[in-house]
Amino acid sequence: MRFNVKRQQQIFARTSGYCHICHASLDFDKYGAVGKSGAWEVEHSTPQAKGGTHHLNNLYPACITCNRAKGDNSTRSARAKYGKKRAPLSVRKRRHAKIVNGVKGSVLGAVVGIVVSVDVSGTLAIVGLLIGYVFNPDKLNKH
Ligand SMILES: [Zn+2]
């Protein structure tokens, strides 16, 4: 099954360009580039052999090694090898999570600031905002 560039982009965005199994960072331009760093393939979450479709909700980007090692095994068991339960966040969900984490960090910073010294409360709120926003939500949020 070949996927056109638009389809590849849609699939890639589902995890913000991370392998949905091991969460490694992938390189969009290395689609199908076996042996290259960041190379990836389209992975059928439910294998075609088990009735999996070519609909977007069944397709994820994966490292070539992850994709081929998974074979007809379940996504759940493939991810479990890497201690993962979910796919990395999509581009849209990631943006939302970063804003939520930024707000949480800001509130936390402000509260800590009030406890320590009201003078630093504003500064800590900004630091908390940046930490919450900048960090990869997949690493910050336990799942
Ligand atoms: Zn992988």
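Because the structure is a prediction, the values reported are computed rather than measured. (Residues numbered from 1 in each chain as written. Predicted model: local features only at pLDDT ≥ 70, side-chain atom pairs only at ≥ 80, totals over all residues. Heavy atoms only, no water.)

Asker: Could you give an account of the environment of G122, with specific residues and numbers?
Answerer: Counting through the fold element by element, G122 comes out in helix α5 (residues 118–134). By relative accessible area, which is 42% here, G122 ends up partly exposed. For G122 and L26, which are 96 residues apart along the polypeptide, the C-alpha to C-alpha distance reads 38 Å. (Helix = DSSP H or I, 4+ residues; strand = E, 2+ residues; numbered from the N terminus. Buried < 20%, exposed > 50% of the residue type's maximum accessible area, 1.4 Å probe, protein only.)

Asker: Before we move on, could you go through the packing of helix α4 (residues 91–116) against α5 and cite the residues and values that matter?
Answerer: Taken N-terminus to C-terminus, the directions of α4 and α5 make an angle of 155 degrees; their axes are 6 Å apart at the nearest point. As far as their axial angle goes, α5 and α4 are roughly antiparallel. For the pair α4 and α5, the crossing hand works out as right-handed. Mapping the contact onto sequence places K98, I99, N101, G102, V103, G105, S106, G109, A110, V112, G113 and I114 in α4 and V118, V120, S121, L124, A125, G128, L129, G132, Y133 and V134 in α5. (Axes fitted to C-alpha atoms, helices over the stretch in contact; angles between N-to-C directions. Parallel < 35°, antiparallel > 145°, perpendicular 65-115°, else oblique. Left-handed = near helix turned anticlockwise from the far one by under 90°. Contact = heavy atoms within 4.5 Å.)

Asker: Describe the packing of aromatic side chains, with residues and values.
Answerer: Geometry of an aromatic ring pair is reported as the spacing of the ring centres plus the angle between the planes. A full pass over the atoms with the stated rule returns 4 aromatic pairs. On the basis of an interplanar angle of 75 degrees and a centroid distance of 5.1 Å, the ring pair of F12 and F28 is categorised as edge-to-face. Taken together, the positions of F12 in helix α1 (residues 5–13) and F28 in the loop between α1 and β1 (40–44) put the pair 16 residues apart, joining distant regions of the chain. The class of F12 is buried, set by a relative accessible area of 15%. Taking the relative accessible area as the measure of exposure, F28 reaches 22% and is therefore partly exposed. Through a chain of ring-to-ring contacts, the aromatic side chains of F12, F28, Y31 and W40 assemble into a single cluster. Over the ring of Y60 we find R14; its NZ or CZ atom is 4.2 Å from the centre of that ring. Its end group placed over the ring of Y60, R79 keeps NZ or CZ at 5.4 Å from the ring centre. (Phe/Tyr/Trp six-rings, centres within 6.5 Å; stacked < 30°, edge-to-face > 60°. Lys NZ or Arg CZ within 6 Å of the ring centre and 35° of its normal.)

Asker: Go over the coordination of the zinc ion with me, naming the residues and quoting the values.
Answerer: Looking at the metal site, the zinc ion is ligated by C19 (SG), C22 (SG), C63 (SG) and C66 (SG), spaced 2.3 to 2.4 Å from it. If you look at the zinc ion, its 4 donor atoms make angles of 101 to 120 degrees with each other, and the shape they trace is tetrahedral. Each donor residue of the zinc ion lies on one chain, and together they are spaced C-x2-C-x40-C-x2-C. Here C22 is found in the loop between α1 and β1, whereas its partner C63 is found in strand β2 (residues 59–63), with 41 residues between them in sequence. (Donors = N, O, S within 2.8 Å, 3.2 Å for Na, K, Ca; no water. Tetrahedral: all angles 85-135°; square planar, octahedral: opposite > 155°, others 65-115°.)

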